[in-house]
Amino acid sequence: MNVIKLADIDAGMIDLVGGKAAGLCKMIDLGERVPDGFCVTTDAFKTGDIPEEEVWRAYAELGGGAVAVRSSATAEDLPEASFAGQQDTFLGVTGREGLLKAIRQCWDSLNTERAVAYREAAGIGDSAMAVVVQRMVEPKAAGVLFTANPITGTRTEMVVDAAPGLGTAVVDGSTIPDHYVLNGTPPPLGGCLSPAQLDELRGVGERLQGQLGWPQDIEFAFDGDGTLWLLQTRPITTLFPLPPDTGRPAPRLYVEFGHIQGMLRPCTPMGLSLIRTGTGRWAQGYGGAEDGNSREHRRFAPIAGHLYMDITESLRDERRRKNLPQSLSLYGPRVQDAVRRMLDDPRFAPRPSPPAKGGNSAKLTMRFVLASIPGTVRSLARPDKARAQVFHMVQELRRRSAAPAELTTSAQRLHWVVQDSWAPLLGPDFIAVMVSISLALRLSAVPPMLLKGIATDEELDHALGGMPHNVTTEMNLALWQVSRNALQHQDLFLATPPAELAERFRNGTLPDIGLRDFLDSYGFRAAAEIDVGMPRWSEDPTPLVSTIVNYLRVTDPDQAPDLRFERAAAKAESTIEELARRARRTRPIRGRLAGSLMRRFRKLIGLREIGKFCMVPMIAAVREQLLLIGADLAGRGLLERADDIMFLDLEEVGTAVNDGADHREIAAARRAEYDREVRRTRIPAAVLSDGTDIEALAPPAPAQNAGDGRTLTGTAGAAGRATGRARVIRDPAQARIDPGEILVAPTTDPGWTPLFMTAAGLVSETGSPLAHGPTVAREYGIPAVVCVRDATTRIQTGQLITIDGASGTVTIEQEP
């Protein structure tokens, strides 16, 4: 079929007529007023020849005259990709030659550079082009209606942008439109639209959103008689999904906490299921909740796989709300600023605090406090012995995290995953490790207090450089040594894609450089490693091979990471000596105490990374067992492939294992949804239950002039200054960063930190000075600036930038 009338299209024809025509069909079926027209189908496009006579007959049936000719690609106007403005539209087209030319130009627009780049960014493969031809509406006013606020995400507001005449001026940004926000109050007066017309648009928006099931982006026009015509509808693709409806009173405030663990990408459904199981077991084992349903467990509220927590009750509690922003310091300034903004929102007015009940948090806190008192005394007295004991417990925890060898059936494996896998993290060894971490964090706060007025923030940062006994730093230095073994094979490594090198390693044809030994020690790790759904380095060493190749590009001996680490350590020691000497001149007792504590602090603070290091082997062991179950289910025809199990939850796996439930469709749908969400580039730091992105309520901090450059403001992460070319990286797998470049990333976790070894500095969009990235950056002696809003879009790879880790600024000095 080459040509079809719009009225004859049905919803299942999207591959034939494309997204735009399918959207028009939906509006026609719902009884909305749409200009008459026809579609030149993808069948015609695939032949490469315009069916001229069929087109001409259809045009004649419209009555001739002016028409609008618009692209309707099969990948256009979809829930995951709008393609707004990426392909061509021609208005006021008349006559045979003009019509045929416009159709051909629409076809050609499918493969323009901008359209191809958009499809690649959206993860969309091949596409075909249909073309919509409609009778031209001569509008008195036209524009766009969004049934949810596209800037703030608020679902209770509609937004209209309109201008006199054709709506193209609104869509292409060539005019300043009249702007209306419809939020339940009487429509505003003035502008090109009347209150009655705005009410009519509101009604259309409510109908279409209700019938189509998602907020819509609707193009409209009012003709000279005041009649409303709908020209297009498509889903608003940029909205962050709504929080789940928990049935609790709205509005509610959710804050994102995944970035603390470098986890901005969505968690797989199995990853979320395991986290829920783990928090429930913790609530039972440590907090006394009989069914694992503690208050903390209920506050966990993932949104489209992203890790959020509901803090509404704390925000409304008149006793707790005053110190709430300060208590969220680990979450970083973006979350803290959002919470401060909501403190002034009357919807979150304070309420009387409930009577204290000694809940799970209090019980857990008391347990840690009681356990920490003797440990703190012993650790301060003999820090070397205390640290050795912690590392011994870590090795024991890792040994106990392995699954028993006697597991042979899927039912046995699943029982171990659900019931027994968390046991090592519920015993006294893990409590002792967590106490040590708590001690390390408490110690880090003492020197600044003792040296107040004596040491600058930058000097205190330098005292943290080259910190020994950090498992993440030791891992990265071990990988550096592997790269030294690869020097004799440098030509092979530099000339071969990392994925191919990784494949050669797996099949045993890569030269032995010690990578196997490294994986024996660290193969359970990965980027976003708290998600059991993420492949471990032992499964896919491509990220490690990419990093080894990066290390081979270090040609300046002074930039060798091990030497940089040694220099940072030496500077830290000299800084401590200088600060202690300076303090003793004015406050002898305090100066001696500060010097002693800082030296002991250096022997213990490296333990701050050890807690996660204890947990990840268990997650890797669970992943191994789940994949074996997945392979069994795939063999039984209940899943398409083994790793589809990561798109189920533990309960669903149980129904497959025990009852033979077929979950192939569920897993496929969730995998597709997950793949779409992975491509999301911005995650709100805090969001309301109606979808409002709190940060979007305030304008972004403007770039400030700094000489001839532009300065972006973030938060100080690690002291120092560096100037270098930016390297924007959103995924560490196969990432390349050349020596001296400055890494710009959305977030970082230990899986990212091997890239730090050759970087001159770090810029991230999220985090706090206590997060993994800045901590490791300090230990390597490189500057870091965190919480630079939209850094990965405002900074481009190749730009010359200067970062100041003490002031928290990033200056763009030169374009690429």
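The structure displayed is predicted, hence computed values, not measured ones. (Residues numbered from 1 in each chain as written. Predicted model: local features only at pLDDT ≥ 70, side-chain atom pairs only at ≥ 80, totals over all residues. Heavy atoms only, no water.)

S.K.: How should the overall build of the chain be read in this particular structure?
M.R.: Along its length, the chain carries 29 helices and 22 strands. By residue count, 55% of the 816 residues in the chain fall in the buried class. The long-range share in the chain, meaning contacts at least 24 apart out of those at least 6 apart in sequence, stands at 70%. Looking at the chain as shown, the accessible area adds up to about 34,600 Å², and 52% of this sits on carbon and sulfur atoms. (Helix = DSSP H or I, 4+ residues; strand = E, 2+ residues; numbered from the N terminus. Buried < 20%, exposed > 50% of the residue type's maximum accessible area, 1.4 Å probe, protein only. Contact = heavy atoms within 4.5 Å. Areas by Shrake-Rupley, 256 points an atom, 1.4 Å probe, with all protein chains shown as cover.)

S.K.: How do you make sense of helix α27 (residues 664–678) when you look at a structure like this?
M.R.: Because an α-helix completes one turn every 3.6 residues, residues spaced three or four positions apart along the sequence face the same direction. Here α27 contains 15 residues, and its C-alpha end-to-end distance of 21 Å stays within 8% of the 21 Å for a straight helix at 1.5 Å per residue. Among the residues of α27, A667, R671, Y674 and E677 are the ones counted as buried. All buried residues of α27 lie within an arc of 125° about the axis, which places them on one face of the element. (Expected span 1.5 Å × (residues − 1). Arc of directions from axis to C-beta.)

S.K.: In this structure, what is going on with the sheet that holds strand β9 (residues 216–223)? I would like to understand it.
M.R.: By definition, the strands of a sheet pair up through backbone hydrogen bonds, in either a parallel or an antiparallel sense. Across the sheet, five strands lie side by side as β8-β7-β6-β9-β10; this open sheet has antiparallel pairing. This sheet does not close on itself; its edge strands, each paired only once, are β8 (178–182) and β10 (228–235). The sheet shows a mean angle of 20° between the axes of neighbouring strands, direction not considered. Lying over the sheet, helix α7 (residues 195–212) contacts β6 (139–146), β7 (158–164), β8, β9 and β10, oriented at roughly 145° with respect to β9. (Pairing = 2+ DSSP bridges. Axes fitted to C-alpha atoms, helices over the stretch in contact; angles between N-to-C directions.)

S.K.: How should the pairing of strand β2 (residues 37–40) be read in this particular structure?
M.R.: Successive residues of a regular strand alternate their side chains across the two faces of the sheet. The alternating pattern of β2 places G37 and C39 on one face and F38 and V40 on the opposite face, and all of these are buried. Pairing geometry for strand β1 (residues 3–5) and β2, over three bridges, is antiparallel. Bridge assignment links I4 to a residue of β2, and that residue is C39. Of the strand pairs in this sheet, β2 and strand β5 (residues 129–135) are connected by four bridges, and their pairing is antiparallel.

S.K.: Please clarify how the sheet that holds β5 should be interpreted in this entry.
M.R.: Spatially, the five strands line up as an open sheet ordered β1-β2-β5-β3-β4, and their pairing is antiparallel. The open sheet has two edge strands with one neighbour each: β1 and β4 (89–93). Going across the sheet, the axis of each strand differs from the next one's by a mean of 20°, ignoring polarity. Sheet strands touched by helix α4 (residues 96–108): β2, β3 (67–73), β4 and β5. Its angle to β3, the strand with the most contacts, is close to 25°.

S.K.: It is not clear to me how the environment of W480 should be interpreted in this structure. Could you clarify?
M.R.: One can find W480 in helix α18 (residues 471–485). By relative accessible area, W480 is classed as buried at 3%. Leave out the neighbours within four places in its chain, and W480 touches Y551, V554, A560, P561, D562 and M757.

S.K.: Looking at this structure, I do not really get the nonpolar core. What am I missing?
M.R.: Generally speaking, nonpolar side chains in soluble globular proteins are found buried as a group. Membership of the largest hydrophobic core comes to 114 residues, with the highest contact counts inside it found for L253, L626 and L743. Residue contributions to this core peak at 12 residues, all from helix α25 (residues 610–635). Excluding anything up to four places from it in sequence, L626 contacts M270, V417, V532, I645, M646 and L650. Among the nonpolar cores identified, the runner-up in size contains 31 residues, and I4, L16, C25 and L228 belong to it. (Core = buried A, V, L, I, M, F, W, Y, C linked by side-chain atoms within 4.5 Å.)

S.K.: Whenever I open this one, the side chain of R727 confuses me. Can you help?
M.R.: With respect to the secondary-structure elements, R727 resides in strand β17 (residues 721–728). At 2.9 Å, the side chain of R727 forms a polar contact with the side chain of E741. The residues contacting R727, other than those within four sequence positions of it, are R736, I737, D738, E741, I742, L743, V744 and T797. (Polar contact = N/O pair within 3.5 Å; in protein donor to acceptor, adjacent residues only side chain to side chain.)

S.K.: Would you explain the pattern of salt bridges in this entry?
M.R.: Side chains that differ in sign of charge can pair as their charged atoms come close. Following the criterion strictly, the structure yields 43 salt bridges and no others. Across the pair E695 and R682 runs a salt bridge, and its minimum N-O distance is 3.0 Å. One end of the pair, E695, is in the loop between β13 (686–688) and β14 (704–706); the other, R682, is in the loop between α27 and β13, and 13 residues separate them in sequence. The partner of D790 in a salt bridge is R682, with the nearest N and O atoms 3.3 Å apart. With a gap of 108 residues between them, D790 in the loop between β20 (784–786) and α29 (791–794) and R682 in the loop between α27 and β13 connect regions that are remote in the sequence. Residue classification places R682 among the partly exposed residues on the basis of a relative accessible area of 25%. Among the ionic contacts, a cluster of salt bridges with common partners joins E459, E577, E578, R581, R582, R584 and R599. (Salt bridge = Lys/Arg side-chain N within 4 Å of Asp/Glu carboxyl O.)

S.K.: Would you mind going over the packing of α25 against helix α26 (residues 650–659) with me for this structure?
M.R.: Helix-helix packing is described using two parameters, namely the angle between the two axes and the distance between the axes. Contact geometry of α25 with α26 gives a least axis separation of 11 Å together with a crossing angle of 40°. Judged by the angle between their axes, α25 and α26 are oblique. Where α25 crosses over α26, the two elements pack in a sense that is left-handed. Judged by residue contacts, L626, I629 and L633 of α25 engage L650, V653, A656 and V657 from α26. Per-class residue counts for the contact of α25 with α26 are seven nonpolar, no polar and no charged. (Parallel < 35°, antiparallel > 145°, perpendicular 65-115°, else oblique. Left-handed = near helix turned anticlockwise from the far one by under 90°. Nonpolar A, V, L, I, M, F, W, Y, C, P; charged D, E, K, R; others polar.)

S.K.: What is the right way to read the packing of helix α21 (residues 515–522) against helix α22 (residues 542–552) from this model?
M.R.: It is at 12 Å that the axes of α21 and α22 come closest, and there the two elements cross at 125°. Relative to α22, α21 is oriented oblique. Considering the relative orientation of α21 and α22, their crossing is right-handed. Contact residues: L515, F518 and L519 in α21; L544, V545 and I548 in α22. Of the residues contributing to the contact of α21 with α22, the split by class is six nonpolar, no polar and no charged.

S.K.: How do you make sense of the pairing of β17 when you look at a structure like this?
M.R.: Pairing of β17 with strand β21 (residues 800–804), which is carried by five bridges, proceeds in the antiparallel orientation. The partner of T723 across the bridge, within β21, is T802. Here β17 runs beside strand β18 (residues 742–745); their pairing, made up of three bridges, is parallel. In the sheet register, A726 faces β18, and the bridge partner there is I742.

S.K.: Please explain the packing of aromatic side chains as it appears in this structure.
M.R.: Any pair of aromatic rings gets described here by the distance separating the centres and the angle formed by the planes. Evaluation of the coordinates by the stated rule reveals 10 aromatic pairs. Between F220 and F222 the ring centres are 5.9 Å apart and the planes differ by 70°, which places this aromatic pair in the edge-to-face class. The class for F220 is buried, based on a relative accessible area of 1%. Pairing F524 with F613 gives two aromatic rings, centres 5.4 Å apart and planes at 65°, and the pair type is edge-to-face. With F524 in the loop between α21 and α22 and F613 in helix α25, this residue pair connects regions lying 89 residues apart in the sequence. F613 carries the same exposure label as F524, and that label is buried. Put simply, the rings of F518, Y522, F524 and F613 pair up and form one aromatic cluster. Between R155 and the ring centre of W214, over which it is positioned, the NZ or CZ distance is 6.0 Å. Over the aromatic face of W480 sits the side chain of R484, whose NZ or CZ is 3.8 Å from the ring centroid. (Phe/Tyr/Trp six-rings, centres within 6.5 Å; stacked < 30°, edge-to-face > 60°. Lys NZ or Arg CZ within 6 Å of the ring centre and 35° of its normal.)

S.K.: I keep staring at helix α1 (residues 14–29) and nothing clicks. Help me out?
M.R.: End to end, α1 covers just 15 Å across 16 residues, shorter than the expected 22 Å (1.5 Å per residue, more than 12% under). In the structure, α1 departs most strongly from a straight axis at K20, where the bend amounts to approximately 80°. Taken from the residues just after α1, G31 is the one with a positive phi, measuring 85°. (Bend = angle between axes of the 7 residues up to and from the residue.)

S.K.: Would you mind showing me how to read unusual backbone geometry here?
M.R.: Between A250 and P251 the backbone carries a cis peptide bond, its omega angle lying at 0°. Position of P251 among the secondary structure elements: in the loop between β10 and β11 (253–256). Backbone geometry places H469, a non-glycine residue, at a positive phi of 70°. Considering the arrangement of structural elements, one finds H469 in the loop between α17 (457–462) and α18. Note on H469: relative accessible area 24%, which makes it partly exposed.

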